[in-house]
Amino acid sequence: MPVTAGIFSVLALVLALVTIAGVIAPSLLRNRKTGAVPKRLSVLVWGCIAVLVTMILAGSLIPAPATAPATAGAGTNEAESGSAPR
């Protein structure tokens, strides 16, 4: 699963860059069949939605961090404040 999360993270980065490029120059995203150029607002909205969805997918696939094993005596190796020898 971490590989899939990494792929989705890279895809989100690419989609963000394409969205920025599409807002600056919408003619880059021209439909080759019809020649229609999307509006900047449309590129921005759909680009943000695509980035959001891919980031949610990537975040849901990242494995949980390993937890440290619980010890019987918490702080046994550490000096506690107020317990120094006098």
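A.B. asks: Give me the overall build of the protein chain: which residues, what numbers.
C.D. replies: Looking only at helices and strands, one finds 2 helices and 0 strands in the protein chain. Here the protein chain holds 86 residues, and the buried ones make up 12% of them. The contacts in the protein chain between residues at least 6 apart in sequence include a share of 59% that link residues at least 24 apart. When the accessible surface of the protein chain is summed, it comes to about 7,000 Å², and 70% of that surface belongs to carbon and sulfur atoms.

A.B. asks: How would you summarise the packing of helix H1 (residues 2–24) against helix H2 (residues 40–61) if you had to cite specific residues and measurements?
C.D. replies: Two elements in contact, H1 and H2, have axes separated by 8 Å at closest approach and are oriented at 170°. Here H2 runs roughly antiparallel to H1, going by the angle between their axes. For the crossing formed where H1 meets H2, the hand is left-handed.

A.B. asks: Any chance you could break down the environment of Leu11 for me, citing the residues and the numbers?
C.D. replies: Looking at the element boundaries, Leu11 is found in helix H1. Each C-alpha atom of the pair Leu11 and Val51 lies 8.2 Å from the other, and the pair is 40 residues apart in sequence.

A.B. asks: If you had to explain the environment of Leu61 to someone new, which residues and values would you point to?
C.D. replies: Checked against the element boundaries, Leu61 lands in helix H2. Discounting residues that sit within four places of it in the chain, Leu61 has contacts with Met1, Pro2, Thr4, Ala5 and Phe8.

A.B. asks: I'd like to hear about H2, residue by residue, with values.
C.D. replies: Helical periodicity: at 3.6 residues per turn, an α-helix aligns residues three or four positions apart in one direction. Here H2 spans 32 Å end to end across 22 residues, near enough to the 32 Å set by a 1.5 Å rise per residue. When we look at burial in H2, the residues that qualify are Val43, Gly47, Thr54, Ala58 and Leu61. Each buried residue of H2 lies within a common arc of 60° when the element is viewed along its axis, so the set occupies one face. Opposite its buried face, H2 presents the exposed residues Leu41, Leu52, Ile56 and Ser60, each directed more than 90 degrees away. Where H2 is buried, its residues meet H1.

A.B. asks: Describe the side chain of Thr19, naming the residues involved and giving the relevant values.
C.D. replies: Among the secondary structure elements, Thr19 is positioned in helix H1. In this structure Thr19 touches Val43, Leu44, Gly47 and Cys48, once residues within four positions along its chain are discounted.

A.B. asks: Quick rundown of a nonpolar patch on the surface? Include the residues and the values.
C.D. replies: Taken together, the side chains of Leu41, Leu44, Val45, Trp46, Ile49, Val53 and Leu57 present a nonpolar region at the surface, about 650 Å² in accessible area. Take Leu41: it is sitting in helix H2.

How each quantity is defined
Residues numbered from 1 in each chain as written. Predicted model: local features only at pLDDT ≥ 70, side-chain atom pairs only at ≥ 80, totals over all residues. Heavy atoms only, no water. Helix = DSSP H or I, 4+ residues; strand = E, 2+ residues; numbered from the N terminus. Buried < 20%, exposed > 50% of the residue type's maximum accessible area, 1.4 Å probe, protein only. Contact = heavy atoms within 4.5 Å. Areas by Shrake-Rupley, 256 points an atom, 1.4 Å probe, with all protein chains shown as cover. Axes fitted to C-alpha atoms, helices over the stretch in contact; angles between N-to-C directions. Parallel < 35°, antiparallel > 145°, perpendicular 65-115°, else oblique. Left-handed = near helix turned anticlockwise from the far one by under 90°. Expected span 1.5 Å × (residues − 1). Arc of directions from axis to C-beta. Patch = residues over 30% accessible without salt bridge, like charges linked within 9 Å, V, L, I, M, F, W, Y side chains within 5 Å. Salt bridge = Lys/Arg side-chain N within 4 Å of Asp/Glu carboxyl O.

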